[in-house]
Structure formats: structure tokens, C-alpha cells
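# Coordinate inspection notes
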Amino acid sequence: MTVAIAKQPGTNAVDIANQVVERIEQLKGIFIPDGVHVTVTRNYGETADAKAKQLISKLLFATISVVLLVLVAIGWREALIVGLAVVITLAITLFASWAWGFTLNRVSLFALIFSIGILVDDAIVVVENIHRHMAMGARNMLEAIPHAVDEVGGPTILATFTVIAALLPMAFVSGLMGPYMSPIPINASIGMLISLVVAFVVTPWMANKLLGAHVAHAGGESGEKRLYQWFNRYMGPFLRGDAGRTKRWWLFGVIAALIVVSVGLVVVQAVILKMLPFDNKSEFQVVVDMPEGTSVEKTAQVLGELGRYIATVPEVTDYQAYAGTAAPINFNGLVRQYYLREAANVGDIQVNLVDKAARERKSHEIALAVRAPLQDIARRHEANVKIVEVPPGPPVLAPLVAEIYGLDYDGQRQVAMRVRESFAATADVVDIDDSIEATAPKIMVRVDQAKAALLGVAQQSVVSALSAALSGEDASYLHFENTKYPVPIRLEYAVADKAHIENLLDMRVRGRDGTLVPLVDIVEVIETRREHAIHHKDLLPVTYVTSDVAGEVDSPLYGMFGIMAHLGAHPVEGSEPLAQYLFSTPENPYQDALKWDGEWQITYETFRDMGIAYSVGLVLIFLLVVAQFRSYLVPLIIMAPIPLTIIGVMPGHALLDLLFMDAKFTATSMIGMIALAGIIVRNSILLVDFINEQVRMGTPFEEAVIRSGAVRAKPIVLTGVAAMLGAFFILDDPIFSGLAIALIFGILVSTALTLLVIPVMYYAFMRKRLEKPVGEG
């Protein structure tokens, strides 16, 4: 017996699961007899609680790591100020997230961990600039703090809103991925606003209380001088004379080439595109489909043979087999509608694995390993077996889905069979199935009304007799002293007797005069075929061909492209290739055509919406920078480092994929790239604003450009490393590792290049406007 319990909206799954387990323990020996063994096969409350605790610990360690970074780079008092600012910001952000309606779940916690690195940016910039002013010789904190905060106030406000402008449009992503990912942009945006207020209100007050006159004056100046010498040596040659102009063009050309090469990694499949990678779950499902007309006993026999092999897998703790019915609904079954599977020829096996901490192989590796042996067993019994893993994101009907449209069902069926052949001919395409039902016999028993009337047999008597023999009928009830309800006496043919129509026709029914009449004398047996179920989508009849992809690439997109190429080279009807549609249903539903769905549809909608969000974010960033600098050229220079993130993100994925980290470019990687747009623009704003400020104070333009790198390098590097540290703690997560890789490698490369490229580019395009003529001043 299986008991499945689902929680109501607004209730705590962890508490409910614990209460159910506790109640079952109380029932043992009372309502549950001693001979009955109870096993908890799935406890999502327990797994959710374990993941939440793990992520909370990561959030704590990420916060501590950022504080230690400031401790090493500036000092322990400054680290204490930044730590307090982070704690205050996180506390208010959690309250705001709760007020918004978010729960403390995996995605919202990942949003906070991801945000740690950027939430401390404002506090770090303000504290570092106060520290710098004190090191430069400010007489006291009350003199240094207003000047220090004012100096970075404008660019910090602008930079904060550029990050929000980059992230917030993601909250409007539609489709199934929208609600799934919405806590990331909303929580991060709320946190950025709160961190800005904390940086301008709490941080200066704490600096006044904690720093006092404890900043060493000489250390800051000597460090800044060393940085100035370094930038003068390596940046200066790009600024001076005709040789500098030539070097600038070489610099821009090399960077453009690196961007092209980085994008080319996707073309040569050094970077694999995928919606979301597989998570390391503690379960997977084996779905069995026998030919139509198979008895439930035969299905159970096949399930038993499959189960005996599964029991030999060392990581398996237990499994449950369901013959003729569906397993309790899981996340995958929401879209695939497994809960509707109820027929003698269908079966499920729910496989449970030991905890991921107690095994070396991931659940996906185990599923790949058992697929071939299980399908060998199934092939001997003419069964179709699919290994179904819990999807990391929104569930789909199957990773690869081909929807076949046409004029009639027979035509769709013929096209689907040819399409299935193309599926089978494509490398790494597995678990191929379709919605075509096998031809199965059907026996109709028709009452000869004339003979029945002559013998005095009512047609209802024939129907009742056959129904009782095949489905059973309660003839009477037994009453016992110790039972609450009467026990029915049920009459029904044995299973073996049901297998032959002759046994049913030998039954006798009573006529009006009491004579027993054999059914064979008054009925006619007609052998025919079962009707086929016809699927519909958007009111159009459709036939599905489904599959999965398992191999070195392990991404359904590449399997789909391979099948598309095979269908293009091998026409399925006549001499014309089958029309294939990627984005919409066929224009003419009465002509044979194929529409791709499954993971491709989710991927297309998600990346389309994220691309739109990315574009909207770039436009908002451009408008914000235009409003600040009152120029249309300066924003283009400030936003120039955004393409530089590609030089870090794509090679970073390729490098870690070579190191067997399974680092595919996923939807979370795209979130990281969108966040990078705002983070990197922040660095450009700090540099350009400092150059303009120095020029207004009378510093020569070339000198101001070099000094910008020397003075702003420290806060830029600190904020960049802080964001990388925050991302480092989610690098081991299968789902959000793409986000971590994008942030770590994107920030690493783009920050290093920004410190050189932005000052040089600003000098190249603004030199004639800002450089003073010789002899002036």
C-alpha cells in the first residue's frame, strides 16, 4: 500500500513531513500490525530542510569570507564596519523578501548568496575612500567623511542603479522559468537599494565611531604611489604620441579578436548550451510501457525482472514497482501526466538512492549506467523502458518532443514512424517513444435479440452475467462479531478463465420460464480492433514522438539539430523534406509538418525573454549614464566593458568542462552574464567619474587617466573579488554552477581588462575635448 501526502499552499512542508512520520510511528502496533513494515520512500520535507540548512551555512561563510577580504586588504576596523553593514543589509532584505511574499527556499537563498558579493560593494567603496582620505592626511574623521562620501557618492548611486537596471528586467521573464527565477532579480534589487542606504547612513557613522584616528597615513600613500608607477609603466605607452595611437588600435583589435574567439567556442561545441544541468537527486523513475493488450500479470512479471537488476545497483536503497497503475505523483508527473497512467500494460518503478554524501556517482551517472541493461531486459519482452530523472527546472513532456501535424490520423502515424526512424538514426538519442498505440484485438459480444426474445432472455441479463464474470459482483455479505463492516462475498472468474472467450460463452443465463440458456446460443462474437486515442493540442490533432539525449554532449538541443539535419537529408514523404517549425505551430494544419517542443521550447522562451531583459537593462543603463554625464558618447565608453565579460565567461565554461565539471552554458549562466553588465559598468563609472573630477581640479588629462587606475584599482579589485567570493560558494551546486562560473571568470577577466581598456578608450575618444592646450593654465 502506498500513501502520498501533499501539503496545502501556505503550510510548512518540513513540519508536515515530520508530523506524518511521527504519527506513523505512534500507529505501529496499534492500527499498523506488527507484521507490516513501513518505509518512507520519499520525504521532500526532509530534503528541503537539508538544502535550506546547507545554503544558510553557505550564506554565512560567504559573508565571513567577504569580511576577511576587507580585513586583509584594509584593516580589521574597516572589516568590522563592512561586516555590520552586510548583516544589517541582509536582515532588512530578508524582511523585505518575506513582505514581498517569497518563502525561504532554494532559489531565494541562492539569490542572497549570489547577492552577497554585490551587496557589500557600496560599503566597501565608501569605507575604502574614507580610509584613503585619512591616509592622505585628513586631520580628523569629521573632515574626511563628508569629502570621502561626496567624492564617491554620485558614481556609487549611479552604479547601484545600473546593477538594478541590469537585474530587475529579469523579473518579467514569462513562461515556466519566470516564477522559478524571479526571486533572484527581485531579492538582489531590493538588497542593492538597502545596501545603498546603509552605505550612506550607517557606514559613515560606524566609520566615525570605529576608525577615529587609527588609519596609518603613510601606508595608503606608499601603496597608491606603487600602483601609480605600475599604471604609468604599462598604461602610459598607450597614451603618448603616434606610437600610443598605434598601440591603442592593436589593443582594441586584440580584444575584438578575443571576443570573436570566445563566441566561437559555442560554434565548435567547446561550450555546450543547455537549459539547466541535471541535479544530483536521490531518486529516479523507470517508466515501462508494454504493448497494448498485455495483461497486468505480464507487466508485473517484467517489472519484477527489472527490479531484480535494479536491486544489484550498489547505490540503490529500495524501489517500488507499480503494475497497471501510476506511482504517486512527483514533480515530473505534473506535465507528463503520469498520474493518469492506468492500464494493464503500463508500469512504474520508483528507485531511491542513498544520500549523495554517501555515494561517489551522481544520480545522472547512475541513470546513464542502468539505462542499457534495463532496456536489454525490456527488449526481450517487447517493452519500452524510459529512465526518467527529476528535472532541474520546469518539467516538460520529454526533453525531445516532435509534434506531428497532418490531415488525418493515418497520415500522422506514417509520418511519425518515419520521424522515429530519424530519431533512432541520430547519435546519443535514447528512450525513443511515440503516442501511437499498437494495434490490439477487441472482442465484441452482440446479443441476437430475436433468439434472446424467443428463449425469454433479457439483454440486461447477458450484460450482467458478462460484467460479473469479468469485473466481479458482490453476491452477499458476511458479518462477524469483531469486524466493524461486513465482508463482501465477490463472484468473479479466475484470471486464467478470463483469457478465453469460450469460457465466458459457456455461462448460462435464466430465461423467463426458468430455463438456463448458454450464452453461445444467443450471442454473436465479433472480432475487431481497439480504437486509437487521438491527442489534441490547441484543438489540432497531433501525434508525438519523444526521446531523451544521453551521451558526451548530453544536451537535447544538439540531438534536435542532428535529427533536423537527418530529416532534411532524408525526406519522409515523396521528394519534399518534411516542413519543420521551431517557434510556432504549422501555418497549414492540413499539411504534414513537424513542430519541435519539449526542452527546446522552454529554452527558446527563457533565453528569448532573458535576451529581451538583457537588452532592456542595457537601454536603462545607457539612459542612466546619459543623465549623469550629459553625453551620448561617454555612456558608450562606459558600457564598452560589457562585451569583455564574454572573454571570461565562455572560456571559463570551456576550461571547467575540460576539467570534468560538466560546465555547460545554462539559463543560470545567462543570469550571471546579465548581472555582469551592471557590475562591470560600476567599475567604468568609478574610473570615468574620477578622471572627470581630476580634470576639473586642474590635473592634466593624461595624468588623470593614469591616476584613475592607481586610485580606483583598490576598490574595483576589492568589490570584484568580493563578488567572486560570493559566487565561489555556489560553484559546487549542479543547477547554479553556471551562474557562479559566469560571475567568477567574467569578473576576473573583465575587471583586469577594464582597468586598462576604459582609461585608454576614454583617453582616445575624449582627448581632444578634455586635454588642455599647451601653455594653458
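Residues numbered from 1 in each chain as written. Predicted model: local features only at pLDDT ≥ 70, side-chain atom pairs only at ≥ 80, totals over all residues. Heavy atoms only, no water.

### Notes on the overall build of the protein chain
Looking only at helices and strands, the protein chain features 25 helices and 16 strands. Against the compact-globule benchmark of 28 Å for 777 residues, the protein chain has a radius of gyration of 35 Å, which places it well outside the compact range. With respect to the principal axes defined by its C-alpha atoms, the protein chain has extents near 130 × 75 × 45 Å. Expressed as a percentage of the 777 residues in the protein chain, the buried residues total 50%. (Helix = DSSP H or I, 4+ residues; strand = E, 2+ residues; numbered from the N terminus. Rg over C-alpha atoms; globule rule 2.2 N^0.38 Å. Buried < 20%, exposed > 50% of the residue type's maximum accessible area, 1.4 Å probe, protein only.)

### Observations regarding the sheet that holds strand E3 (residues 346-353)
Spatial strand order, E2-E3-E1-E4: 4 strands in an open sheet with antiparallel pairing. Each having just a single partner strand, strand E2 (316-323) and strand E4 (384-389) make up the two edges of the open sheet. Strand-to-strand twist in this sheet, taken as the mean axis angle between neighbours without regard to direction, amounts to 15°. Where strand E1 (residues 283-289) lies against E4, 6 bridges are found, and the strand directions are antiparallel. Note on E4: the bridge partner recorded for Gln285 is Val388. Here helix H13 (residues 363-380) sits on the sheet in contact with E1, E3 and E4, set at roughly 170° to E4. (Pairing = 2+ DSSP bridges. Axes fitted to C-alpha atoms, helices over the stretch in contact; angles between N-to-C directions. Contact = heavy atoms within 4.5 Å.)

### Quick notes on the pairing of E3
Of all 8 residues that make up E3, 8 are buried, and the element is covered over most of its length. The alternating pattern of E3 places Val346, Asp348, Gln350 and Asn352 and Gly347, Ile349, Val351 and Leu353 on opposite faces, both of which are buried. In the sheet, E1 pairs with E3 via 7 bridges, with the strands oriented antiparallel. Across the sheet, residue Val286 finds its bridge partner in E3, namely Ile349. Strand direction decides the pairing type here: E2 and E3, joined by 7 bridges, are antiparallel.

### Topic: a nonpolar patch on the surface
A surface patch of nonpolar side chains, amounting to about 1000 Å² of accessible area, comprises Leu60, Phe61, Ile64, Leu68, Leu71, Val72, Trp76, Leu80, Leu84, Ile88 and Ile92. Elements supplying a minimum of two residues to the nonpolar patch: helix H2 (44-73) and helix H3 (76-100). Turning to its location among the elements, Leu80 is positioned in helix H3. Judged by relative accessible area, which is 37%, Leu80 ranks as partly exposed. (Patch = residues over 30% accessible without salt bridge, like charges linked within 9 Å, V, L, I, M, F, W, Y side chains within 5 Å. Areas by Shrake-Rupley, 256 points an atom, 1.4 Å probe, with all protein chains shown as cover. Salt bridge = Lys/Arg side-chain N within 4 Å of Asp/Glu carboxyl O.)

### Notes on the nonpolar core
Generally speaking, soluble globular proteins have nonpolar side chains that are buried together. With 138 residues, the main nonpolar core has Phe114, Ile130 and Leu743 as its most contacted residues. Once you skip the residues sitting within four places of it in the chain, Ile130 turns out to touch Met141, Ile145, Ala148, Val149, Pro204, Ala207 and Leu211. Residues Ile432, Val549, Leu557 and Met560 belong to the second largest nonpolar core, which totals 24 residues. (Core = buried A, V, L, I, M, F, W, Y, C linked by side-chain atoms within 4.5 Å.)

### Some thoughts on the confidence of the model for the protein chain
Mean pLDDT over the protein chain stands at 82; residues scoring 70 or higher make up 94%. Confidence over residues 773-777 falls short of pLDDT 50; this stretch has 0 contacts with residues more than four positions distant or in other chains. (pLDDT = per-residue confidence, 0-100.)

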